[in-house]
Amino acid sequence: MTTNPAPRTPVRMMLRGALVPGMVALPVLATAFWAYAGEQAALSALAGATLVFVVLTVGLLGITAVVMGPAATSMAGAGVVYLGQLILVVAAVLALRGVDWLDGRPFALSAIAQTVVMQVGQIAGYVRARHEIAPGSLDRGAAS
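All of the points below concern the structure found in this document. Owing to the predicted nature of the structure, the values given are computational and were not obtained by experimental measurement. (Residues numbered from 1 in each chain as written. Predicted model: local features only at pLDDT ≥ 70, side-chain atom pairs only at ≥ 80, totals over all residues. Heavy atoms only, no water.)

With respect to the overall build of the protein
Right, on to step 1. Of regular secondary structure, the protein possesses 5 helices and 0 strands.
Right, on to step 2. In the protein, the succession of α and β elements from N to C terminus is α-α-α-α-α.
Right, on to step 3. Looking at the protein residue by residue over its 144 residues, the buried ones come to 31%.
Right, on to step 4. Contacts in the protein between residues far apart in sequence, at least 24 positions, make up 79% of those at least 6 positions apart.
Right, on to step 5. Counting only carbon and sulfur atoms, one obtains 71% of the accessible surface of the protein, whose full area is about 9,200 Å². (Helix = DSSP H or I, 4+ residues; strand = E, 2+ residues; numbered from the N terminus. Buried < 20%, exposed > 50% of the residue type's maximum accessible area, 1.4 Å probe, protein only. Contact = heavy atoms within 4.5 Å. Areas by Shrake-Rupley, 256 points an atom, 1.4 Å probe, with all protein chains shown as cover.)

Here you go:
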């Protein structure tokens with residue numbers, strides 16, 4: 001009796017590659033803005049970086065569902081996930097626009113920095129992951 005294991009995807013390594021540097025960047029960005037412009041800037045930077053961290057993490061979890069689906073719909077599914085991430089970020093920015101404690105420049109700069117850090121980590125995780133080109137090719141390689 002053979003079992004059909006779950007398909008191998010690079011998402012696990014992409015998730016690890018994005019989450020670790022993203023978690024490190026949260027306190028680093030807040031501390032940098034605190035040293036540069038004070039407590040309000042640090043809070044704003046932390047809010048921006050956390051917003052991006054949550055949205056990109058939810059997007060990576062969404063990509064997991066897309067990759068498990070049919071291959072023919074992967075690109076369309078990835079596009080929907082990306083569009084959803086953009087909508088969530090814009091909606092959050094619009095919701096936070098009127099908050100008194102939020103300083104726009106540290107919020108935006110830390111959100112941009114967090115996005116770059118997490119995207120680079122995600123790409124590095126993708127590159128490090130083992131990709132199955134032909135179904136079963138990774139299993140045959142391990143057996144020989």
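Description of a nonpolar patch on the surface
Right, on to step 1. A surface patch of nonpolar side chains, amounting to about 360 Å² of accessible area, comprises Val 20, Met 23, Val 24 and Val 28.
Right, on to step 2. One can find Val 20 in helix α1 (residues 11-37).
Right, on to step 3. Here Val 20 falls in the partly exposed class, since its relative accessible area comes to 45%. (Patch = residues over 30% accessible without salt bridge, like charges linked within 9 Å, V, L, I, M, F, W, Y side chains within 5 Å. Salt bridge = Lys/Arg side-chain N within 4 Å of Asp/Glu carboxyl O.)

A word on the side chain of Gln 122
Right, on to step 1. Mapping Gln 122 onto the fold places it in helix α4 (residues 104-128).
Right, on to step 2. When neighbours within four sequence positions are excluded, Gln 122 is seen to be in contact with Met 14, Gly 17, Ala 18 and Leu 60.

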